[in-house]
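These are the residues of each chain, in order.
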Amino acid sequence: MSADVPEVSLVEVSKRFGEITAIEDISLEIRQGEFLTLLGPSGSGKTTLLRLIGGFEHPTTGRVLIRGEDVTGVPPNRRNTSTVFQDLALFPHMSVGRNVEYGLMLRGVPDAPRREQAERLLHLVGLEGFYRRNVSRLSGGQRQRVALARSLVLEPAVLLLDEPLTGLDEKFREQMQVELKNLHARLGTTFVAVTHNQEEALSMSDRVAVLRDGRLEQIGPPGELYEAPRTEFVADFIGSANLLRGDLAEPGMTFRSHGLVLRARVASGVGVGPAVLMVRPERIVIGPEAARQTNRYEARVDTVIYKGAVVEVYLVLDTGQRLRAHQRTGGAQQIPSAGSRVTVGWDAGDSIVLPSVPARHVADEREEVKSDSRSRAPR
């Protein structure tokens, strides 16, 4: 197949459930061999989009193509895709090997080559020697690997991952992020994952597609989404961000916010008038070094929170705006104490002016993600 042909193409796809629109007019191309993550809050449409690719749902309008072939009405078992479901869907009465072989058995592959392929995939996912073990005796992370092996043994063009690391504790989830990324690099298979976890999406993906209210908000490499978001929602949803509301005073770089005059980059399409300025907490300098920054102001330290590798410093500017800064621990920079007076600053290139959306709407969607995360947390 030509490298110019996308692995997956969604062409003006919409999906409605009765009066509810889950996906609205999304066009998206997924490249051969890339790791793409669909990221968004609960209800953004990311799981519906994954199910449309896998054939578990069919679009109300639009087309789905895999390797250039229109599969819009084709059922899941006839698509060149395989899915790792959120609940893994392993057969508890079967051994690890039999679980991995199951899809091959349905295809009529004979016993000997079936076992050979299963053993090869178990070795690939770090479960060599587990062929005869019952899945009920495995840890959560081991079951995740069995589910991966069972999907990959079918050699799909596209592997679909529905919240693949949900339910794992934080340390093991970080380990599995690295293992999934390494596995993807070894196989060269196209991976499409769904998650609401921003860190997961940024650490594993070649590109991330951010969804909101059934629409594609922005797609790009993790660094681009973090450093150059195109909308306030993406800026606020990806990582931590300080958002200052005000007005772009001129087509250049001057931004005014309740007594502050700031210089910043300006996102494409932002015109004179109401806007929002974003600066990441780690870009804010505190202390003598701040005097050399383009934007510099006096502030009071409100709260200091120790978080191991970093300290979060909550600041109140003399003009009343609140900021959060991150300082690394163990360095030469002195950590300020609560109540102290400091100078804070950042360079113009470290902040960006974006189109403004209602603050409450963004806050509500972030709270929705927090609530969703709490509901999924292990009890």
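Nothing here was measured: the structure is a model prediction, and the numbers come from that model.

## Regarding the domain arrangement of the protein
- Domain assignment breaks the protein into domain 1 (8-225) and domain 2 (240-355).
- Domain 1 and domain 2 are separated by 39 Å when their C-alpha centres are compared.

## Describing the environment of L354
- As for its placement among the helices and strands, L354 is situated in strand β21 (residues 351-355).
- C-alpha of L354 to C-alpha of R230: the two residues are 124 residues apart in sequence and 6.6 Å apart in space.

## Quick notes on the UniProt feature "domain: ABC transporter" (unreviewed entry) in the protein
- According to UniProt, the "domain: ABC transporter" (unreviewed entry) feature falls on residues 8-238.
- The straight-line gap between the two end C-alpha atoms of residues 8-238 is 25 Å; of that span, 36% is helix and 26% is strand.

## Focus: the packing of helix α2 (residues 96-106) against helix α4 (residues 140-152)
- The interhelical angle for the contact between α2 and α4, taken along N-to-C directions, is 30°, at an axis separation of 7 Å. Regarding the angle of α2 to α4, the classification is roughly parallel. Read as a crossing pair, α2 and α4 show a hand that is right-handed. Residue-level contacts link V96, N99 and V100 of α2 to V146, A149 and R150 of α4.
- In terms of residue class, the contact of α2 with α4 is built from 4 nonpolar, 1 polar and 1 charged.

## Some words on the sheet that holds strand β4 (residues 61-66)
- Strand order in the open sheet made by the 4 strands is β2-β1-β4-β5, with antiparallel pairing throughout. Both outer strands of the open sheet, β2 (20-30) and β5 (69-70), are each paired with one neighbouring strand and no more.
- Direction of pairing for strand β1 (residues 8-17) relative to β2: antiparallel, over a ladder of 7 bridges. Paired with F17 across the bridge in β2 is I20.
- Sheet strands in contact with helix α1 (residues 46-54) are β1, β2 and β4, and its direction is about 120° off that of β1.

## Quick word on helix α3 (residues 111-124)
- Spanning 14 residues, α3 covers 20 Å between terminal C-alpha atoms, matching the ideal 20 Å at 1.5 Å per step.
- Listing the buried residues of α3 in full gives R114, A118, L121 and L122. The buried residues of α3 occupy an angular sector of 100° when the element is viewed end-on, so they sit on one face. When the buried face of α3 is taken as reference, the exposed residues oriented beyond 90 degrees from it are A112 and E116.
- Immediately downstream of α3, the backbone of G126 shows phi near 80°, a positive value.

## Observations concerning the nonpolar core
- By size, the foremost hydrophobic cluster in this structure holds 34 residues, and its most contacted members are V96, V100, V146 and L161.
- Those elements that place two or more of their residues in this core are α2, α3, α4, β7 (158-162), α5 (170-187) and β8 (190-195).
- Sort the elements by how many residues they give to this core and α4 lands first, with 5 residues.
- In contact with V100, not counting residues within four places along its chain, are A118, L122, V146, A149, R150 and V153.

## Observations regarding unusual backbone geometry
- In this structure, D25 takes a positive phi of about 55° despite not being glycine.
- Its place among the elements puts D25 in strand β2.
- Phi is positive for E163, which is not a glycine, with a value near 45°.

## Quick word on a negative patch on the surface
- A cluster of acidic residues, D169, E170, E174 and E199, forms a negative patch at the surface.
- Counting through the fold element by element, E199 comes out in helix α6 (residues 198-204).

## Overview of the pairing of strand β18 (residues 310-317)
- With 6 of 8 residues buried, β18 lies mostly within the body of the structure.
- Where strand β17 (residues 295-306) and β18 come together, 7 bridges link them in antiparallel fashion. Residue A299 lies in a different strand from β18, and its bridge partner there is L317.
- Where β17 hands over to β18, the hairpin turn is made up of 3 residues, of which G308 adopts a positive phi near 85°.
- Pairing analysis gives 7 bridges linking β18 to strand β19 (residues 322-328), with the strands arranged antiparallel. Following the sheet pairing, Y314 is matched in β19 by R324.
- If you look at the hairpin formed by β18 and β19, you'll find 4 residues sitting between the two strands, and G320 has a positive phi there, around 105°.

How each quantity is defined
- Residues numbered from 1 in each chain as written.
- Predicted model: local features only at pLDDT ≥ 70, side-chain atom pairs only at ≥ 80, totals over all residues.
- Heavy atoms only, no water.
- Domains from an automatic or database assignment.
- Helix = DSSP H or I, 4+ residues; strand = E, 2+ residues; numbered from the N terminus.
- UniProt positions renumbered as here; feature names shortened; annotations may be inferred.
- Axes fitted to C-alpha atoms, helices over the stretch in contact; angles between N-to-C directions.
- Parallel < 35°, antiparallel > 145°, perpendicular 65-115°, else oblique.
- Left-handed = near helix turned anticlockwise from the far one by under 90°.
- Contact = heavy atoms within 4.5 Å.
- Nonpolar A, V, L, I, M, F, W, Y, C, P; charged D, E, K, R; others polar.
- Pairing = 2+ DSSP bridges.
- Expected span 1.5 Å × (residues − 1).
- Buried < 20%, exposed > 50% of the residue type's maximum accessible area, 1.4 Å probe, protein only.
- Arc of directions from axis to C-beta.
- Core = buried A, V, L, I, M, F, W, Y, C linked by side-chain atoms within 4.5 Å.
- Patch = residues over 30% accessible without salt bridge, like charges linked within 9 Å, V, L, I, M, F, W, Y side chains within 5 Å.
- Areas by Shrake-Rupley, 256 points an atom, 1.4 Å probe, with all protein chains shown as cover.
- Salt bridge = Lys/Arg side-chain N within 4 Å of Asp/Glu carboxyl O.
- Lys, Arg positive; Asp, Glu negative; His and termini not counted.
- Charge placed at Lys NZ, Arg CZ, Asp CG, Glu CD.

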